[in-house]
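Listed below, chain by chain, are the residues.
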Amino acid sequence: MKLGFGLYRHQLDEAHYRFARQCGATHLVIHWVDYFRSSRSNRPGDQPIGDDAGWGLAGDPDKLWSFEELAAVKAEAAKFDLQIEAIENFDPAHWHDVLLDGPKKAQQLENLKTIVRTVGKVGIPIIGYNFSLAGVAGRAKGPWGRGGAEIVAMDGPYEKPIPNGMIWNMVYDRNAAPGNLAPITPQELWRRHGDFLDALVPVAEEAGVKLAAHPDDPPTPTVRGQPRLVNQPRLYQQLIDRRPSRSNALEFCLGTLAEMTDGGFYEAVESYSRQKKIAYVHFRNVRGKAPHYQETFVDEGDIDMMRVLRIFKQNGFDGVLIPDHAPQMTCAASWHAGMAYACGWMKAALQAVEQHS
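Chemist: What is the right way to look at the overall build of the protein chain in this model?
Modeler: Counting its secondary structure elements, the protein chain contains 10 helices and 16 strands. Against the 2.2 N^0.38 benchmark of 21 Å for 357 residues, the protein chain shows a C-alpha radius of gyration of 19 Å, consistent with a compact globule. Taken along its principal axes, the extent of the C-alpha atoms in the protein chain is 55 × 45 × 40 Å. Expressed as a percentage of the 357 residues in the protein chain, the buried residues total 59%. Surface accessibility of the protein chain: about 13,900 Å² in total, with carbon and sulfur atoms responsible for 50%.

Chemist: Just checking my understanding: could you explain the packing of aromatic side chains for this structure?
Modeler: Inspection of every chain in the model, using the stated rule, returns 23 aromatic pairs. Geometrically, the ring pair formed by Tyr 35 and Trp 168 is tilted, given 6.2 Å between the ring centres and 40° between the ring planes. With a gap of 133 residues between them, Tyr 35 in the loop between β2 (27–30) and α2 (67–78) and Trp 168 in the loop between β7 (166–167) and β8 (170–171) connect regions that are remote in the sequence. Each member of the pair Tyr 35 and Trp 168 is classed as buried. These aromatic residues form a ring-pair network of at least three members: Trp 65, Phe 90, Trp 95, Tyr 129, Phe 131 and Phe 196. Positioned above the aromatic ring of Phe 67 is the side chain of Lys 121, whose terminal nitrogen or guanidinium carbon lies 4.9 Å from the ring centre. Geometry around Phe 297 places Arg 146 over its ring, the cationic atom sitting 4.3 Å from the centre.

Chemist: Can you help me understand the sheet that holds strand β1 (residues 2–7) in this one?
Modeler: Read around the closed barrel, the eight strands follow the order β1-β2-β3-β4-β9-β12-β13-β16; overall the barrel is parallel. Averaged over all pairs of adjacent strands, the angle between strand axes in this sheet comes to 30°, irrespective of strand direction. Pairing of strand β9 (residues 210–213) with strand β12 (residues 248–253) involves three bridges; the strand directions are parallel. Bridge pairing links Ala 212 to Ala 249 in β12. Contacts from α2 reach β2 and β3 (83–88) within the one sheet, and its direction differs from that of β3 by about 140°.

Chemist: Looking at this structure, I do not really get the environment of Ala 349. What am I missing?
Modeler: With respect to the helices and strands, the residue Ala 349 is situated in helix α10 (residues 334–356). Sequence separation between Ala 349 and Leu 309 is 40 residues; the distance between their C-alpha atoms is 8.0 Å.

Chemist: Explain the sheet that holds strand β6 (residues 151–155) here, please?
Modeler: Overall, antiparallel pairing links the four strands, which are arranged β5-β6-β15-β14 in an open sheet. A single partner strand is all that each edge strand has here, and the edge strands are β5 (140–142) and β14 (285–289). Adjacent strand axes in the sheet meet at a mean angle of 25°, parallel and antiparallel pairs treated alike. With three bridges joining them, β5 and β6 adopt antiparallel strand pairing. Residue pairing for β6: Ala 140 is matched across the bridge by Ala 153.

Chemist: Mind showing me how you'd approach the pairing of β2 here?
Modeler: Successive side chains on a regular strand alternate, one facing one side of the sheet and the next facing the other. Of the two faces of β2, the one holding His 27 and Val 29 and the one holding Leu 28 and Ile 30 are both buried throughout. Where β1 meets β2, four bridges bridge the pair, whose relative direction is parallel. Residue pairing across strands places Leu 7 opposite Ile 30, the latter belonging to β2. As a crossover connection, the stretch from β1 through helix α1 (residues 14–22) into β2 is right-handed. In this structure, β2 lies alongside β3, joined through four bridges in parallel fashion. Across the sheet, residue His 27 finds its bridge partner in β3, namely Gln 83.

Chemist: Before we go on, may I ask you to explain the packing of helix α4 (residues 105–122) against helix α5 (residues 186–207) in this structure?
Modeler: For any two helices packed against each other, the geometry comes down to the angle between their axes and how far apart the axes lie. For the pair α4 and α5, the least separation of the axes is 9 Å and the interaxial angle reads 30°. Here α4 runs over α5; the crossing is right-handed. When α4 is examined against α5, the residues Lys 105, Leu 109, Leu 112, Lys 113, Val 116, Arg 117 and Gly 120 are found in contact with a partner set consisting of Arg 191, Asp 195, Phe 196, Ala 199, Leu 200, Val 203, Ala 204 and Ala 207. Across the contact of α4 with α5, the residue classes break down as nine nonpolar, one polar and five charged.

Chemist: Whenever I open this one, the pattern of salt bridges confuses me. Can you help?
Modeler: Two side chains carrying opposite charge are able to pair once their charged atoms lie near each other. Evaluated as defined, the whole model comprises 24 salt bridges. Where Arg 146 meets Glu 300, a salt bridge forms, and the shortest distance between an N and an O atom there is 3.8 Å. A residue pair is termed long-range when its members are at least 10 positions apart, and Arg 146 in the loop between β5 and β6 and Glu 300 in the loop between β15 (292–296) and α9 (305–314) qualify at 154 residues. Accessibility expressed as a relative area gives 18% for Glu 300, which makes it buried. Glu 259 is paired through a salt bridge with Arg 284; the nearest N and O atoms lie 3.2 Å apart. Pair noted here: Glu 259 is in helix α7 (residues 254–259) and Arg 284 is in the loop between β13 (278–283) and β14, with a separation of 25 residues, a long-range link. For the residue pair Glu 259 and Arg 284, the accessibility class agrees, reading buried in each case. Here the salt bridges do not stand alone but share partners, grouping Asp 101, Lys 105, Glu 188, Arg 191, Arg 192 and Asp 195 into one network.

Parameters and conventions
Residues numbered from 1 in each chain as written. Predicted model: local features only at pLDDT ≥ 70, side-chain atom pairs only at ≥ 80, totals over all residues. Heavy atoms only, no water. Helix = DSSP H or I, 4+ residues; strand = E, 2+ residues; numbered from the N terminus. Rg over C-alpha atoms; globule rule 2.2 N^0.38 Å. Buried < 20%, exposed > 50% of the residue type's maximum accessible area, 1.4 Å probe, protein only. Areas by Shrake-Rupley, 256 points an atom, 1.4 Å probe, with all protein chains shown as cover. Phe/Tyr/Trp six-rings, centres within 6.5 Å; stacked < 30°, edge-to-face > 60°. Lys NZ or Arg CZ within 6 Å of the ring centre and 35° of its normal. Pairing = 2+ DSSP bridges. Axes fitted to C-alpha atoms, helices over the stretch in contact; angles between N-to-C directions. Contact = heavy atoms within 4.5 Å. Right-handed = clockwise from strand over helix to strand, strands pointing away. Left-handed = near helix turned anticlockwise from the far one by under 90°. Nonpolar A, V, L, I, M, F, W, Y, C, P; charged D, E, K, R; others polar. Salt bridge = Lys/Arg side-chain N within 4 Å of Asp/Glu carboxyl O.

Structure, rendered in structure tokens:
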């Protein structure tokens, strides 16, 4: 298993590469979508939280990810002995009608195919994605962690409707007509996701890329009045079985899976790692179940993280694990401190598992 590090778009620079390497990371999971450039509430240096207005504006629908840009980032990271393992999340500007089953769906599926081919050509093996209408929404932040550390939590359902022109918690059309997005059924959401898999998996296979699905965060049955795709551990199996392929894989978020109400967390870790379906891991701990939970330091919470690592080792998982949603610590560099703490714990835990298994 390999220690990785997640970086947002605005963090793709020398200072953050140096910091990630100093923390012991050898691999990166990067975000090419910018959640911070136009949000009224997201704060650089922390995970995006947003508010009812979402995470700001989506990108340029006519500008697809280019080989030159991605290759340059890959080469720059390599100067610091860092390998880019994955790009996480498509830009809503590039796939809003794939999610909405709208009039631009066919063209946007073709654009996604182009993006997948480009990522494969660059030599980045994974694209993480979250097939969701509401995206990550309904959470709050406060000094509720150990010693007053700033953490993210959820305390009740979040069902304020999604306004027209917004999808995946970002605005793709500032001139949309007034009103809200009409609710759909879970069956309809799964149908749309099936269309996505049918179109992209063959291309991903040819390109040598894995499409890795993130579970729904938060994993409530609905968010903002819209259904969720994977809000219980067993639904990952439905996703895998819908289009069996090495390229149909999982972005395995431990915290989100532990927040799910059906339980069976360790059984899910065992099953999906044994099936070799885990592309990479978001390694974070939580306390509680949706819709009432708190994200915690990695060494506390409901998950026995050492048990998880032992299961991974037993089943031969050799992929990348990244610290995720690290609590903000009280100092001048709160994000850096939180990430360094998580990386130090993870590096020691990985060494212990490797030496004693």
